[in-house]
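Fold and contact review
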Amino acid sequence: MQPGLRRELWVIGTLVAGTLIAGAVFGYPLWFLAFGLGVYLAVAVRNLISLHRWLLSKKQQPLPEARGLWGDVFNEIHLLEKETAQHRDRLRDMLTRFQEAASALPDGMVILTQQGEIVWANPSARSLLGISHPRDSGQRINNLIRHPEFNDYLEDAEFTESVELSAPLKPDNTLSVQIVPYGGNQRLLVCRDITHVVRLEEMRQNFVANASHELRSPITVLSGYLETLQDMDLNRTAEIKRALATMYNQARRMERLVSDLLALSRLETAAPQATPESIVDVPAMLASLKESAEMLSGEDRHQITLSAAPMLRLRGNEEQLRSVFSNLIDNAVRYTPPGGAIEIGWRNANNWAIFSVKDDGVGIPWQHIPHLTERFYRVDVDRSRESGGTGLGLAIVKHVLKRHDARLNIESLVGKGSTFTCKFPPERVVMTTVGESLPKAGEQS
Ligand code: ADP
């Protein structure tokens, strides 16, 4: 039992015993007891009234003083009050420090409600987005940032990636905007000026495009002469013949590299709307790619099968889609030992169009899978080179699929084989009926 409570019970006991004894002396024990309890009650009511008054004064008056259990109660309240005040001060300090830090940040920060109303913004948000606190507090963010991409980003409410926008105050500048949900129903918008990064990326893309373009002619000339030299019936030693063959193979490799680099930089730089789209007869395309794969397989005699839904067509760029399918099918041939099985599939699932290539080849260790679409990423550099790879095939696949709103999925087990799957969304799927003629390439449907 608490010492305060024990003391109080002792006081009550003493009061009851004392009044009863005194009452017995005078012959009125019950009257004395009633009087003693009345006094006790009066003291309790007085303390209760003092406490009530103190609470009503919003704790402005000093805390009332009392003895006994009431004194303990007042002391406890006093301690609680002190702790709450300290906690409040600490919170206020933290908030001030946070606001000072956020004000010093070069990145713009805006706190939003779940409905997109502005709660608070740091000074950088004013220079980057034109949003100022407290002037714009309570306004909806999409009334101030009027960009269709930003509207879509807000409506999608996924916020897994950032969105790039032209700066509202300086349209030549590019901003990266990311929303981070926090605390259940709040959102933090963080924005950064990435103009210099975008310019550097443009410079890099232009450099790669120009360098590849300039290299193409000399390399073609070199490999052409090397091929002619190899074919000429001259008296040569075995060593010179070997050297010529190596030089020719390397020149061909450079040709492939330059052509893949050019394809990649075209994909990176050309605006999506500049790419002509048509309704592509994917089953016919896959049938011809299967034949090419059989030629590539040659003496290795892979068992290549094709199962394609004949009416299933795709809206997209024919040349780009061919490069995706041929890259994935060629990879299956190149990374599957002789005699292995390769299944090419083209089917419809829940209105999505699914292209898949399954092989029972070497497989890919799981830790490499997330990196395969990076430029020049190879699991086994020697095997890739031996089989004529450039390390750019899957990077091209990734870019083309992005342009076609499609997803790439890779499943693989070392020694068991791999399955590469491309999923095209329903908006791109076209089902034809038997005998229906297809619009010509470049024709918009
Ligand atoms: P590469 O020209 O080297 O084949 P890619 O970009 O096409 O370049 O592929 C990247 C890497 O992914 C390859 O080097 C290879 O290690 C791995 N890879 C791609 N397809 C397969 C496959 N079907 N089976 C096993 N590994 C594969």
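Turning next to the packing of helix H1 (residues 3-26) against helix H3 (residues 68-104). Two elements in contact, H1 and H3, have axes whose closest approach is 8 Å; the angle formed by their N-to-C orientations is 155°. Judged on the interaxial angle alone, H3 and H1 are roughly antiparallel. From H1, Gly4, Leu5, Arg7 and Glu8 reach across to H3, where they touch Gly68, Leu69 and Asp72. Here the residues of the contact of H1 with H3 are counted per class, giving two nonpolar, two polar and three charged.

The next point concerns the pattern of salt bridges. Summed over all chains, the structure comprises 13 salt bridges. With a closest N to O distance of 3.5 Å, Asp89 and Arg92 form a salt bridge. Placement of the pair is Asp89 and Arg92 together in helix H3, with a separation of three residues, close to one helical turn. Asp89 gets classed as partly exposed once you look at its relative accessible area, which sits at 38%. A salt bridge links Arg252 to Glu255; the nearest nitrogen and oxygen atoms lie 2.8 Å apart. Note that Arg252 and Glu255 are positioned in helix H8 (residues 238-269) at a spacing of three residues, about one turn of the helix. If you follow the salt bridges from partner to partner, you end up with Glu201, Arg204, Glu268 and Arg375 in one network.

A few words now on the site of the ligand. Of all residues adjacent to the ligand, which total 21 residues, the nearest are Tyr335, Ser384, Thr390, Gly391 and Leu394. At a separation of 2.9 Å, an oxygen atom of the ligand approaches a polar backbone atom of Thr390. Contact between the ligand and Leu394: an oxygen atom at 2.8 Å from a main-chain N or O atom of the residue. Coverage of the ligand by the protein amounts to 98% of the 530 Å² it exposes when considered alone. It is helix H10 (residues 318-334) that contributes the most residues to the shell around the ligand, three residues altogether. For the shell around the ligand, the residue count by class is ten nonpolar, eight polar and three charged.

All right, on to the domain arrangement of the protein then. When the domains of the protein are assigned, the result is domain 1 (3-97), domain 2 (105-193), domain 3 (197-269) and domain 4 (278-431). A C-alpha centroid distance of 25 Å is found between domain 3 and domain 4. Each side of the interface is counted separately: domain 3 has eleven residues, and domain 4 has 14 residues. The junction of domain 3 with domain 4 conceals about 1100 Å² of combined surface from both sides, 63% of it contributed by carbon and sulfur atoms. When residues of domain 3 are sorted by the area they lose upon contact with domain 4, Arg253, Leu264 and Leu267 head the list and together hold 51% of the total. Notably, a salt bridge pairs Glu268 with Arg375, separated by 2.5 Å at the nearest N-O pair. At the boundary of domain 3 and domain 4, one finds three residue pairs in polar contact (both at pLDDT 80 or more). Here the residues of the side of domain 3 that touches domain 4 are counted per class, giving five nonpolar, no polar and six charged.

What follows concerns the sheet that holds strand E13 (residues 429-431). In space, the three strands of this open sheet follow the order E6-E8-E13, with antiparallel pairing throughout. With one partner strand each, in any of the chains shown, strand E6 (278-280) and E13 form the two edges of the open sheet. Strand-to-strand, the axes of this sheet are offset by a mean angle of 35°, without reference to chain direction. Direction of pairing for strand E8 (residues 312-316) relative to E13: antiparallel, over a ladder of three bridges. Paired with Leu314 across the two strands is Val429, which belongs to E13.

Quick look at the environment of Glu294 now. Mapped onto the secondary structure, Glu294 falls in helix H9 (residues 282-297). With a relative accessible area of 34%, Glu294 lands in the partly exposed category.

What follows is about a nonpolar patch on the surface. Judged by side-chain polarity, Ile21, Val25, Phe26, Tyr28 and Trp31 come together as a nonpolar surface patch covering roughly 680 Å² of accessible area. Broken down by element, the residue count for the nonpolar patch peaks at three residues, all from H1. With respect to the helices and strands, Tyr28 occurs in the loop between H1 and helix H2 (29-56).

A separate point is the sheet that holds strand E11 (residues 407-413). Two strands in a sheet stick together by hydrogen bonds in their backbones, pointing the same way (parallel) or opposite ways (antiparallel). With respect to topology, five strands assemble into an open sheet ordered E7-E9-E10-E12-E11, the strand pairing being mixed. The outermost strands of the open sheet, each flanked by one partner alone, are strand E7 (303-308) and E11. Taking the axes of each pair of neighbouring strands and ignoring which way they run, one obtains an average angle of 10° across the sheet. As paired strands, E7 and strand E9 (residues 341-349) are joined by six bridges and run parallel to one another.

The first and last C-alpha atoms of H9 sit 22 Å apart over 16 residues, in line with the 22 Å expected at 1.5 Å per residue. Residues Val282, Pro283, Met285, Leu286, Leu289, Ala293 and Ser297 constitute the buried set of H9. Buried residues of H9, viewed axially, fall in a sector of 145°; they line one side. The exposed set on the far side of H9, more than 90 degrees from its buried face, consists of Glu291 and Met295. Packing partners of the buried residues in H9 comprise E6, E7, E8, H10, E9 and strand E10 (352-359). In the stretch just after H9, Gly298 is the one whose phi turns positive, near 50°.

What counts, and at which threshold
Residues numbered from 1 in each chain as written. Predicted model: local features only at pLDDT ≥ 70, side-chain atom pairs only at ≥ 80, totals over all residues. Heavy atoms only, no water. Axes fitted to C-alpha atoms, helices over the stretch in contact; angles between N-to-C directions. Helix = DSSP H or I, 4+ residues; strand = E, 2+ residues; numbered from the N terminus. Parallel < 35°, antiparallel > 145°, perpendicular 65-115°, else oblique. Contact = heavy atoms within 4.5 Å. Nonpolar A, V, L, I, M, F, W, Y, C, P; charged D, E, K, R; others polar. Salt bridge = Lys/Arg side-chain N within 4 Å of Asp/Glu carboxyl O. Buried < 20%, exposed > 50% of the residue type's maximum accessible area, 1.4 Å probe, protein only. Near = heavy atom within 4 Å. Polar contact = N/O pair within 3.5 Å; in protein donor to acceptor, adjacent residues only side chain to side chain. Areas by Shrake-Rupley, 256 points an atom, 1.4 Å probe, with all protein chains shown as cover. Domains from an automatic or database assignment. Buried area = accessible area lost by both parts, 1.4 Å probe. Pairing = 2+ DSSP bridges. Patch = residues over 30% accessible without salt bridge, like charges linked within 9 Å, V, L, I, M, F, W, Y side chains within 5 Å. Expected span 1.5 Å × (residues − 1). Arc of directions from axis to C-beta.

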